[in-house]
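Observations on chain architecture
The primary structure of each chain is shown beneath.
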Amino acid sequence: MGGPLGLGTDLPAHVLELCTRAMDSAGVAMFVTGPRSAGMPLVWVNRAFERDTGFAAQDVVGRSPRALEALLAEPVEVDELRAAILAGREITHTVRARRRDGQPVWAQLSLSPILGPEGEVTHWVGVQVDVSDHLERYAAQVASLALERRERAVLDVVARSSDLLADLDQPYALRDITSLLAGYVVDWAGFYLNDDGLRFADGVDTSAPPSGRGQRHGRYTPGVGALGRPGIAETDALGDAAVTDESSPRPRLVDVPDRVQDLLDGRIEGPVELDLTAEFPQWSASGWLRRDLEHRLSRLARRPRAVTVTAVPGRRRILGLLVSCGDEDTTGPRGVDTEARESVRTLLQVIARRAGTAIDNVRLYAREHRLAETLQRAMLPEQADVTGLDVWTYYAPNSEHAQVGGDWYDVLQITPDVVGLVIGDVVGHDVEAAAAMGQLRSVVRSYAYELTTPGPVLDRVDQLVQGMRIPRSASLVYAALTRPDATDTEDAWRIEYSRAGHLPPLLLREGTVTQLDDAGGALVGFGGRTRSTGEVSLRPGDTLVFYTDGLIERRDRALRVGLDALVAASAAVTAVDAAGVGEELLSRLADAPEDDVALVVVRIPDPVGDATAVVLSPRSRRWLLPSEPASIGRARHAVVRTCQAWGVKDSANAELVVSELVANGVLHGWGHLALRLFDTGDGIRVEVEDSNPAPPVPTDGHANRMGGFGMQIVERLADWGWRPTASGKLVWATLRPQSAARQA
């Protein structure tokens, strides 16, 4: 092809002819050019060159290779070749070129100089190997490895997002999940939850999880374009474009399909593509979401024209949306592109489903928790003060069970001279346990008012429980305290009691502890014989302690050991008020309860002995009060007794501040009130917690205004403030010294 080479060698003619035929018959493309000074004309090409490039020998021999240079796809490749030729050095380079018919081809090109006798470059010999198949296989391997890495990243995202969804109490759990997605597979992602309308969410409010219902998607501001951009027509109340020029057309945006709302309503499965350049009715889910995304995506270097919207499904309804963009920008061979995009879509759907299940679990748990907590609080007694007795009650659920349990207590003023005390424990920590507790509480109350004597009361309770078939077993103690005859100076308080499988009450008297373990029997509903009644006479200064097993039961010790610890702690009590006795016991025994704790302390005051007693109990008290006007008086009496026990002579200011704070909670709050009292050393600190999250607001005097004046009194006597809590708010006040309060 192209005639003899004319290479100027000293080889014999037949060998030279053999070399020429061999090069011409070689399977790889070869060519020879002249020197650079002559413009490097092609002087010879073989048949493989003609086959691979599509150029015949007569078309290129004798011509400059510039025509071939134009076929190189990348200009940088031309520059590198020219630099090597200029330096007279050998070069091997993989280039992307095109055949004469335009078909792309990858080739490995090698150019080597042929030197003359004087060392000058007289010719260049080139070898061109088609490596398209090799590079395609290599590219496929690279794409496969990239796909494998992406799949591993997908599994990692799923695993890490599952860990985040396991703790939705973390306030930014959803934001952390979208940060994972944005770091791996998409440019941006965000969660929107539907709770009476869509809203962007960084986390889930576990106290008020989304309902998945509602279509009030944002608010429309008059005078602003419906899409929030200049030049976009406003829309009227129906969603049609509002026009000012009658000659301009009036498009009916109300007829535009709202696919986002269809996704929220479950009419389509999705995911759907939301066009960010389209117009939608202002009240539609698509329109509101498009406007919100315009603001949120404005920080991206390259703003997308569309986003992918994936439903976040719960068990029965769609709870929200997972919106993402950038998942279409995958690279690689065509088939791998599709596979990668499908992998991303699958990942988004998996994350959305898992998030929806986790949010739905929180929603269902919150609903059950509210139901059980309401039932539990309704069962707590709302007793008044008992004349002649110092009574303190306490109930705390195990933190793992979130205020849902079967422990209860009751204090009943049966007659003016008889006070009934009940403490019980139903097995379980759920709504059924709370319901069974409510039934038992009602039954015991009814028979206590009818019969009074504990043994017969429990007999009747056994009969009724067996007939009612209450599904949970329970234990309880019922006791009746009889007031002494005022005309008989030798008469004293007397307690009668009967136990149905419950731990014995304790009698604390002058440093000794007696277990009231008589009159025992089987659990409620399992009494096979007549219940007996125990009786003990009481003296001034005596203290009775009723409790449930949560106070002493621990996994790492026997119940008997826990009871011995309670007896030892009770023997060391020095408090001269019922609340102080309870605080001492709780501080020693209830540091980490593993079950619900109910505690009732009843003390017979001893005015003579209490005045000289040495008190070492913790200088803190707490009470749980119902949200009713009678609680204001109970709180005042509790503060007076506590100040007497602490030796605080002037308790008037503390009494007044507590009265105002509790009254404020009763008037403006709901649920039970938690009253706490602390002696800080610098003054008495009062804390009142209720379920209303709204803060207290002091008001100025006005003839037509009601409320707020109590906080003005508090301001004059104390430094006060408030803080939100998980269930409402807590208002605190630290009393100033008497001199400072008078100056204020």
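Everything that follows concerns the structure shown earlier in this document.
Here's a quick rundown of the structure. (Residues numbered from 1 in each chain as written. Predicted model: local features only at pLDDT ≥ 70, side-chain atom pairs only at ≥ 80, totals over all residues. Heavy atoms only, no water.)

Re the pairing of strand 1 (residues 29–33)
For strand 1, the tally of buried residues reaches five of five residues, placing the bulk of the element in the interior. On strand 1, burial covers both faces: Ala29, Phe31 and Thr33 on one face and Met30 and Val32 on the other are all buried. By the bridge criterion, five bridges tie strand 1 to strand 5 (residues 121–130) in an arrangement that is antiparallel. If you follow Thr33 over to strand 5, its bridge partner there is Trp124. Pairing between strand 1 and strand 2 (residues 42–45): three bridges, direction antiparallel. Bridge pairing links Thr33 to Leu42 in strand 2. (Buried < 20%, exposed > 50% of the residue type's maximum accessible area, 1.4 Å probe, protein only. Helix = DSSP H or I, 4+ residues; strand = E, 2+ residues; numbered from the N terminus. Pairing = 2+ DSSP bridges.)

Description of the sheet that holds strand 16 (residues 506–509)
Taken together, the five strands give an open sheet; going across it, the order is 11-20-19-16-17, and neighbouring strands pair in antiparallel fashion. Two strands close off the open sheet at either side, each with one partner strand: strand 11 (390–396) and strand 17 (512–515). Direction aside, neighbouring strands of the sheet carry axes that sit 15 degrees apart on average. Pairing of strand 19 (residues 543–547) with strand 20 (residues 597–603) involves five bridges; the strand directions are antiparallel. In the sheet register, Leu544 faces strand 20, and the bridge partner there is Val602. Packed onto the sheet, helix 13 (residues 559–571) meets strand 16, strand 17 and strand 19 and runs at close to 140 degrees relative to strand 17. (Axes fitted to C-alpha atoms, helices over the stretch in contact; angles between N-to-C directions. Contact = heavy atoms within 4.5 Å.)

Observations concerning the pairing of strand 4 (residues 104–115)
Both strand 3 (residues 91–98) and strand 4 contribute to a ladder of eight bridges, which runs antiparallel. Following the sheet pairing, Thr94 is matched in strand 4 by Gln108. Between the antiparallel neighbours strand 3 and strand 4 lie five residues, among them Gly102 with a positive phi of about 90 degrees. Linking strand 4 back to strand 5 in an antiparallel pair, the connection comprises five residues, with Gly119 at a positive phi of about 85 degrees.

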